[in-house]
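Notes for the structure review
The chain contents come next:
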Amino acid sequence: MPVPGPGYSVTVRVEAPPSASAAGDLAGAVGRAGAVITAFDVVESHTDRIVVDITANTYSDDHVRDITEALETLPGVAVRKVSDRTFLIHLGGKIEVSPKVALRNRDDLSRAYTPGVARICQAIAENPEDARRLTIKRNTVAVVTDGSAVLGLGNLGPAAALPVMEGKAALFKKFAGVDAWPVCLDTQDSDEIIRAVELIAPVYGGINLEDIAAPRCFEIEKRLREKLDIPVFHDDQHGTAIVVVGALRNALRVVGKQLPDCKVVVCGAGAAGSAIIRMLLRKKPGDVLAVDVHGIVHPDRADLDPVRDPNLAWVAEHTNSERASGSLLDALVGADVFIGVSAPNLFGADAVATMASDAVVFALANPDPEIDPLEAQRHAAVVATGRSDYPNQINNVLAFPGVFRGLLDAQAHAITDDLLLAAADAVADVVDGERLNASFIVPSVFDSAVAPAVADAVARAAAAR
Ligand SMILES: NC(=O)c1ccc[n+]([C@@H]2O[C@H](COP(=O)([O-])OP(=O)(O)OC[C@H]3O[C@@H](n4cnc5c(N)ncnc54)[C@H](O)[C@@H]3O)[C@@H](O)[C@H]2O)c1
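For the structure given in this document, a descriptive report is provided here. (Residues numbered from 1 in each chain as written. Predicted model: local features only at pLDDT ≥ 70, side-chain atom pairs only at ≥ 80, totals over all residues. Heavy atoms only, no water.)

**Details of helix 12 (residues 310-318)**
It helps to recall that an α-helix has 3.6 residues per turn; residues three or four apart then point in one direction. Formally: Buried residues are those whose accessible area, probed at 1.4 Å on protein chains only, stays under 20% of the maximum for their type, while exposed residues exceed 50% and partly exposed ones sit between those limits. Helix and strand labels come from DSSP, where a helix needs a run of H or I of at least four residues and a strand needs a run of E of at least two; each type is numbered from the N terminus.
When we look at burial in helix 12, the residues that qualify are Asn311, Leu312, Ala313, Val315 and Ala316. Residue Asn320 follows helix 12 closely and has a positive phi angle near 55°.

**Looking at the environment of Val77**
Note that Val77 resides in the loop between helix 2 (61-72) and strand 4 (78-84). Exposure remark for Val77: the relative accessible area of 12% places this residue in the buried category. Distance in space between the C-alpha atoms of Val77 and Val101 is 53 Å, their sequence separation being 24 residues.

**Let's talk about the pattern of salt bridges**
So the rule is basically this: The salt bridge criterion pairs a side-chain nitrogen of Lys or Arg with a carboxyl oxygen of Asp or Glu, the two atoms within 4 Å.
All told, the structure shown has 35 salt bridges when counted by the stated rule. In this structure, the salt-bridge partner of Asp146 is Arg216, at a minimum N-O distance of 2.8 Å. One end of the pair, Asp146, is in the loop between strand 5 (140-145) and helix 7 (158-176); the other, Arg216, is in helix 9 (residues 216-227), with 70 residues separating them in the sequence. For Asp146, a relative accessible area of 0% corresponds to the buried category. Across the pair Glu198 and Lys227 runs a salt bridge, and its minimum N-O distance is 3.9 Å. Of the two residues, Glu198 is situated in helix 8 (residues 190-200) and Lys227 in helix 9; the sequence distance between them amounts to 29 residues. A residue is classified by how much of its surface remains accessible, and Glu198, at 25% relative accessible area, is partly exposed. When its relative accessible area of 45% is taken as the criterion, Lys227 is described as partly exposed. One network of salt bridges, with partners in common, ties together Arg104, Asp107, Asp108 and Arg111.

**Quick notes on the sheet that holds strand 10 (residues 287-292)**
The pairing of strands in a sheet comes from backbone hydrogen bonds and takes either a parallel or an antiparallel form. The condition is simple: A pair of strands is considered paired only if DSSP assigns at least 2 bridges between the two. The contact criterion used throughout is that any non-hydrogen atoms of two residues lie within 4.5 Å. Helix axes are fitted only over the stretch in contact, all axes being lines through C-alpha atoms; the angle between N-to-C directions runs from 0 to 180 degrees.
The mixed open sheet is built from six strands, whose spatial order is 11-10-9-12-13-14. With partners counted over all chains shown, the strands left at the sheet margins are strand 11 (295-296) and strand 14 (380-385), one partner each. Pairing analysis gives five bridges linking strand 13 (residues 359-363) to strand 14, with the strands arranged parallel. Following the sheet pairing, Val360 is matched in strand 14 by Val382. Running over the sheet, helix 11 (residues 271-281) touches strand 9 (263-267), strand 10 and strand 12 (337-340) and is turned about 160° from strand 9.

**Topic: the site of the ligand**
Counted only if it meets this: For each residue, the test is whether any non-hydrogen atom lies within 4 Å of the molecule or strand; if one does, the residue is near. Two N or O atoms form a polar contact when they lie within 3.5 Å of each other; inside protein one atom must be a possible hydrogen donor and the other a possible acceptor, and for residues adjacent in sequence the pair counts only when both atoms belong to side chains. Amino acids are sorted into nonpolar (Ala, Val, Leu, Ile, Met, Phe, Trp, Tyr, Cys and Pro), charged (Asp, Glu, Lys and Arg) and polar (every other residue, Gly among them).
Taken together, 20 residues are adjacent to the ligand, and Ala269, Ala271, Ala272, Asn366 and Ile394 come closest. The backbone of Ala269 places a nitrogen or oxygen atom 2.8 Å from an oxygen atom of the ligand. A distance of 3.1 Å is found between an oxygen atom of the ligand and a backbone nitrogen or oxygen belonging to Asn366. Of the residues belonging to the shell around the ligand, the class tally is 12 nonpolar, seven polar and one charged.

**Brief notes about the nonpolar core**
Quick reminder of the rule: Residues enter a nonpolar core if they are buried and are Ala, Val, Leu, Ile, Met, Phe, Trp, Tyr or Cys, with the set joined through side-chain atoms within 4.5 Å.
Among the nonpolar cores identified, the biggest contains 78 residues, and Ile242, Leu248, Val264, Leu280, Ile339, Val360 and Phe362 are the most heavily contacted of them. At 10 residues, the largest contribution of residues to this core is made by helix 10 (residues 235-255). In terms of nonpolar packing, the next biggest core, distinct from the first, is built from 21 residues, Val291, Phe347, Ala363 and Ile371 among them.

**Side note on unusual backbone geometry**
Note that the residue after Thr114, namely Pro115, is joined by a cis bond; omega there is 0°. Looking at the secondary structure, you find Pro115 in the loop between helix 4 (106-112) and helix 5 (117-126). Between Asn366 and Pro367 the backbone carries a cis peptide bond, its omega angle lying at -5°. Its location among the elements puts Pro367 in the loop between strand 13 and helix 15 (373-376). Positioned with a positive phi, Asn320 is a non-glycine residue whose angle comes to about 55°. Mapped onto the elements, Asn320 comes out in the loop between helix 12 and helix 13 (328-332). Taking the relative accessible area as the measure of exposure, Asn320 reaches 1% and is therefore buried. Positioned with a positive phi, Gln411 is a non-glycine residue whose angle comes to about 50°. With respect to the helices and strands, Gln411 occurs in the loop between helix 16 (400-409) and helix 17 (417-429). Judged by relative accessible area, which is 35%, Gln411 ranks as partly exposed.

**Overview of the packing of aromatic side chains**
We describe a pair of aromatic rings using the distance from one ring centre to the other and the angle between the two ring planes. Which entries qualify depends on this criterion: Any two of the Phe, Tyr and Trp rings considered here, Trp counted by its six-membered ring, make a pair once their centres fall within 6.5 Å; the pair's planes then place it as stacked at under 30 degrees, edge-to-face at over 60, or tilted in between. Definition used: whenever NZ (Lys) or CZ (Arg) falls within 6 Å of the ring centre and also within 35 degrees of the ring normal, the charge is taken to sit over that ring.
Under the definition given, this model contains five aromatic pairs. Centroid distance Phe233 to Phe404: 5.6 Å. Interplanar angle 85°. Geometry classified as edge-to-face. Of this pair, Phe233 sits in strand 8 (residues 232-234) while Phe404 sits in helix 16, and the two are 171 residues apart along the sequence. The exposure classification of Phe233 matches that of Phe404, with both residues buried. Centroid distance Phe338 to Phe347: 4.9 Å. Interplanar angle 75°. Geometry classified as edge-to-face. Residue Phe338 shares its accessibility class with Phe347, and that shared class is buried. The structure contains a cluster of three or more aromatic residues connected by ring pairs, namely Phe172, Phe233, Phe400 and Phe404. When the ring centre of Phe400 is taken as origin, the NZ or CZ atom of Lys168, which lies over that ring, is 3.8 Å away.

**What about the environment of Ala449?**
If you trace the backbone, Ala449 turns up in the loop between helix 17 and helix 18 (450-463). Judged by its relative accessible area of 38%, Ala449 is partly exposed. For the pair Ala449 and Val430, spaced 19 residues apart in the sequence, the C-alpha separation amounts to 7.1 Å.

**Re the sheet that holds strand 4**
Within the open sheet, the four strands sit side by side as 2-3-1-4. Their pairing is antiparallel. If you trace the sheet from one side to the other, it starts and ends with strand 2 (36-45) and strand 4, each paired once. On average, each strand axis in the sheet is tilted by 20° relative to the strand beside it, whichever way the strands run. Two elements, strand 1 (residues 5-16) and strand 4, share six bridges in a ladder whose sense is antiparallel. Its bridge partner being in strand 4, Thr11 is matched across the sheet by Ser83. Against the sheet, helix 1 (residues 22-32) engages strand 1, strand 2 and strand 3 (50-58), with an angle of about 25° to strand 3.

It is worth stressing that arrangement in space is one thing and function is another; only the former is reported here.
Pasting the structure below:
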């Protein structure tokens, strides 16, 4: 059953008779149609009628139609207009550039622009490192996509990816004061993407790759890291891995287990899954079983092609010490931890019952997890999802703003595994022992302590290189 949420919030403007019962009738009709009213404003009042804006959380276009029909069946009520609040906040985009310097008179202009700026250009030409001191490079990140894997929606292309990249840029600014700018490229050719990023790199202090489909994302990141002297970070991989590994550390504290004693099943060996596996392996788990759409990953699987997907071949080589084969359900038997970054509704409570006692289940497929969290809770001790309407939300926002804040502050040239692990520990450490429990293994995304803690850990790890 879909749940009404603020992502599908609408304002319905209606005309109604000015009777004493009007408000109750309108609210009752909307409520019976299954929406959640969040505001009720009388915007006009006349002797013969009132005009009311009813703002409500809904869950689909059809649901909105049901609500307007329910209102129109009331005597004397007419719906004037329906406004989708999510579309309204996107009108004209979500971010803008604003100057940091005053431009009030000729004197200001002469320093911010010509002729004064010429001396700054010459200084940078003589010493290119000065670009980090004297230009936006000091605090600016490019959010680069080809639009090939937009959210869970698939290959929508660069223009349709822009609202996501704008949102990302807004989050960078809000949570860590980083100036990020969307760069949506009209190509899905890896060589062209790499060349384009290389050409724009002088402006930026870091590159955040976003929503680029696996397995191309692995090669693009690897080659860009080799070519550029600024950090390159694919958030769908490493942002996810940082938060998952940090959350897992806290989940295991709750159930009193140590990672080296645990069998961990990671379902999904794409962008997120393989980054999680690589980071987990650094922490020496008992064993990791990777599972993808073809079942448990092992080196003898016929579909493995090291040329087409070297990443999956690497995962096969470095996991599954007993060379098990079979399905996800086979993998779950006796497992201490399940981490899903794959597809919706893959198993039920019965499969969780086959896991070890005090099992940890992270079902992170969005928007619908691998298992309904309420089902998972019947047998698991700790459950996390990617959703904001359940406890323990695994959300990359806990990682990427602080990671880039730290990288920019340290004027870092590269990203290391140690730096990613330091960020994961920093996310975990924000939840102190007083607050840690099965429903609170990660901090809130609005916890203002998170980004500075991650930034500090990242800057220290970058400086220690
Ligand atoms: N909550 C979070 O923080 C978070 C972060 C990253 C990704 N995710 C979610 O994880 C999922 C995967 O993201 P991605 O970017 O890694 O995608 P991807 O396309 O790179 O990888 C998907 C992986 O899932 C596997 N898979 C697909 N269907 C499967 C099935 N029926 N059984 C087993 N494995 C299956 C594929 O083989 C592949 O290995 C998406 O739903 C995404 O929204 C959540």
